[in-house]
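# Residue-level structural notes
Listed here are the chains, written in short residue letters.
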Amino acid sequence: MAASGKLASLRLPPLPTVSELIKLYNLRAEKHLSQNFLLDLRLTDKIVRQAGSLKGAHVCEVGPGPGGITRSILNAGAADLLVVEKDTRFLPGLKLLSEAAPGRLRMVHGDILTYRMDRGFPGNVSKSWQDDPPNLHIIGNLPFNVATPLIIKWLEHMANRTGPFAYGRTRLTLTFQKEVAERLTASTGSRQRSRLSIMAQYLCSVRSCFTIPGRAFVPKPEVDVGVVQFTPLVQPQVQQPFKLVERVVRNVFQFRRKYCHKGIEKLFPEACRPELTEEMMRRADVEPTLRPTELTIPHFRALADAYAYLCAREPGLLNYEFREELRLQHLARTRNTPVDAFTDGLPGPRQSR
Ligand code: SAM
């Protein structure tokens, strides 16, 4: 009773509705910023519930816009909500919310892609990586063209325990275009299995929460939207540097309908390609005729370990780019110069072992 009384006291006082606020401040959605608003507070409450209990929590909301999700986060009892919004037009409406929740809402006018989240919260929020996640959540309904680069950037931060993950295993609850949400959560063998599935799932437990039909947004986007929750794993399933894992996964999926060895070959310069591909597959004990979508996370772990071994043995290999080799070959052809003149330092043809 006392606890529910306390939560009731944290609820926002009567305010203009989100639609009224949009009219009041003339907040027309900007198409070039891909703005689509959620006005139904039952739906924003449902998104926020996916994050778990927010009582007394620190929260960062990305892209609050007219503040629907912001209200739900405050009503759920968050003690400290930091919102990062790029479009200044929303700041007066957010200020109104901050006045209604004294001391609980901080506003940052900025770009979430460059914002230094590791400086946004007090040090005492931090938990050790092995511990339970900290009482810090990131929640957001971002434009699709920001959400995908942002999650890739945050996955790298997660691997390096920097940015939002300087505080420990911070949980993220974010929206994506439904097709991207399906790729993030796709299991082995499914049609949606892709680079994004592996990169997300080797680092976190990824949960598909629910789908929001496009018609729930104003204006209505062309596609439906998926809500996805990410909880970083204590022990990532692949223990190699993020960039190395990303390189292996990107190469494997560049020929997603072919056998997996086809993409793996392109990790190696032409001069030693067959031998090193064969050695990598053998060391990893992965069947070369599996398709990229059929590979499990343990397969990727074995491939990344085998590739790391070869990179340690063969100087220059880690910097080799197949597309760069094509470019150099083209350059050599047009200048009538041997390709070797451009590729010094890369492993050459293999001696038999
Ligand atoms: N959260 C609101 C809602 O659900 O109604 C607005 C959602 S709208 C799809 C996305 C919001 O993110 C807009 O307010 C937009 O201005 C903001 N935004 C877009 N790019 C951003 C960026 N790089 N950094 C911070 N905010 C951004």
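Here the structure is a predicted model, which is why all the values come from computation and not from measurement.

Glancing now at helix 3 (residues 41-49). Among all positions of helix 3, only Leu43, Thr44, Ile47 and Val48 are buried. An end-on view of helix 3 places all buried positions within 140° of arc, on one side of the element. For helix 3, exposure combined with an orientation more than 90 degrees from the buried face picks out Arg42 and Arg49. Where the residues of helix 3 are buried, they touch strand 1 (37-38), helix 4 (68-75), strand 6 (171-177), strand 7 (204-212) and strand 9 (225-232).

Surveying the vicinity of the ligand reveals 22 residues, the closest of which are Leu38, Gly63, Glu85, Asp111 and Asn141. A distance of 2.8 Å separates an oxygen atom of the ligand from a polar atom in the side chain of Asn141. Notes on the ligand: free accessible area 590 Å², of which the protein chains cover 98%. Secondary-structure elements contributing two or more residues to the shell around the ligand are strand 1 and strand 3 (80-85). Residues of the shell around the ligand, tallied by class, amount to 10 nonpolar, 7 polar and 5 charged.

Moving on: the environment of Leu142. Mapped onto the elements, Leu142 comes out in the loop between strand 5 (136-140) and helix 6 (144-160). Given a relative accessible area of 11%, Leu142 falls into the buried group. Expressed as a C-alpha distance, the spacing of Leu142 and Gly65, which sit 77 residues apart in the sequence, is 9.4 Å. Apart from the residues within four sequence positions on either side, Leu142 is in contact with Val62, Gly63, Ile112, Ala147, Leu150 and Thr175.

Bringing the state of the cysteines into the picture now. Within the structure shown, the criterion is met by 0 disulfides. Residue Cys272 stays outside any disulfide, its sulfur separated by 11 Å from that of Cys311, the closest cysteine. A relative accessible area of 0% places Cys272 in the buried class. Of the residues examined, Cys311 reaches a relative accessible area of 12% and is grouped as buried.

Taken N-terminus to C-terminus, the directions of helix 9 (residues 242-253) and helix 12 (residues 297-313) make an angle of 115°; their axes are 10 Å apart at the nearest point. By the angle between their directions, the pair helix 9 and helix 12 is classed as roughly perpendicular. Once helix 9 is placed against helix 12, the crossing between them reads as right-handed. Between helix 9, through Leu244, Arg247, Val248, Val249, Val252 and Phe253, and helix 12, the contact on the second element is made entirely by Phe300, Leu303, Ala304, Tyr307 and Ala308. Split into classes, the residues belonging to the contact of helix 9 with helix 12 amount to 10 nonpolar, no polar and 1 charged.

With that out of the way, let us pick up the domain arrangement of the protein. For the protein, the assigned domains read domain 1 (2-232) and domain 2 (242-341). Listed per partner, the contact involves 16 residues of domain 1 and 14 residues of domain 2. Taking both sides of the interface into account, the surface hidden between domain 1 and domain 2 amounts to around 1,300 Å²; carbon and sulfur atoms contribute 69%. Linking domain 1 with domain 2 are 2 salt bridges, by the criterion used here. The closest approach of N and O atoms between Glu246 and Arg195, which form a salt bridge, is 2.5 Å.

Tracing the chain through its elements places Thr175 in strand 6. Of note is the side chain of Thr175, whose polar atom sits 2.9 Å from the side chain of Asn141. Discounting residues that sit within four places of it in the chain, Thr175 has contacts with Gly140, Asn141, Leu142, Ala147, Val225, Gly226 and Val227.

So, on to the environment of Val223. In this fold, Val223 is placed in the loop between strand 8 (217-218) and strand 9. C-alpha of Val223 to C-alpha of Lys178: the two residues are 45 residues apart in sequence and 7.1 Å apart in space. If near-sequence neighbours (up to four positions away) are discounted, Val223 is found in contact with Phe144, Gln177 and Gly214.

Let us now look at the layout of surface pockets. Quantified by volume, the largest pocket comes out at close to 520 Å³. Together, 34 residues line the largest pocket, and Gln35, Gly63, Asn141, Leu142 and Pro143 are the ones closest to its centre. Those elements that provide at least two residues to the lining of the largest pocket are strand 1, strand 2 (58-62), helix 4, strand 3 and helix 6. Looking at the lining of the largest pocket element by element, the count peaks at 3 residues for helix 6. Class assignment of the residues belonging to the lining of the largest pocket gives a composition of 18 nonpolar, 11 polar and 5 charged.

What follows deals with empty space enclosed by the protein. Tallied over the full model, the rule gives 1 cavity of 30 Å³ or more. In this structure, the largest cavity occupies an estimated 40 Å³ of space. Together, Trp129, Met158, Ala159, Arg161, Leu203, Pro232, Leu233 and Pro236 line the largest cavity. Considered class by class, the residues forming the lining of the largest cavity number 7 nonpolar, no polar and 1 charged.

With that settled, consider the packing of aromatic side chains. Scanning the model with the defined rule gives 5 aromatic pairs in all. Measuring from ring centre to ring centre gives 6.2 Å for Phe268 and Tyr307, while their planes differ by 65°; the resulting arrangement is edge-to-face. You can see Phe268 sitting in the loop between helix 10 (260-265) and helix 11 (273-284) and its partner Tyr307 sitting in helix 12, a full 39 residues away along the chain. The exposure class assigned to Tyr307 is buried, which follows from its relative accessible area of 0%. One residue, Lys46, lies across the ring of Phe210, its end atom 4.2 Å from the ring centre.

Each value, and the rule that gives it
Residues numbered from 1 in each chain as written. Predicted model: local features only at pLDDT ≥ 70, side-chain atom pairs only at ≥ 80, totals over all residues. Heavy atoms only, no water. Buried < 20%, exposed > 50% of the residue type's maximum accessible area, 1.4 Å probe, protein only. Helix = DSSP H or I, 4+ residues; strand = E, 2+ residues; numbered from the N terminus. Arc of directions from axis to C-beta. Contact = heavy atoms within 4.5 Å. Near = heavy atom within 4 Å. Polar contact = N/O pair within 3.5 Å; in protein donor to acceptor, adjacent residues only side chain to side chain. Areas by Shrake-Rupley, 256 points an atom, 1.4 Å probe, with all protein chains shown as cover. Nonpolar A, V, L, I, M, F, W, Y, C, P; charged D, E, K, R; others polar. Disulfide = S-S within 2.5 Å. Axes fitted to C-alpha atoms, helices over the stretch in contact; angles between N-to-C directions. Parallel < 35°, antiparallel > 145°, perpendicular 65-115°, else oblique. Left-handed = near helix turned anticlockwise from the far one by under 90°. Domains from an automatic or database assignment. Buried area = accessible area lost by both parts, 1.4 Å probe. Salt bridge = Lys/Arg side-chain N within 4 Å of Asp/Glu carboxyl O. 1 Å grid on protein atoms, 1.4 Å probe; cavity = no way out; pocket = protein on both sides within 12 Å on 5 of 7 lines; lining within 4 Å. Points joined across faces, edges and corners; volume = space filled by probe spheres on them. Phe/Tyr/Trp six-rings, centres within 6.5 Å; stacked < 30°, edge-to-face > 60°. Lys NZ or Arg CZ within 6 Å of the ring centre and 35° of its normal.

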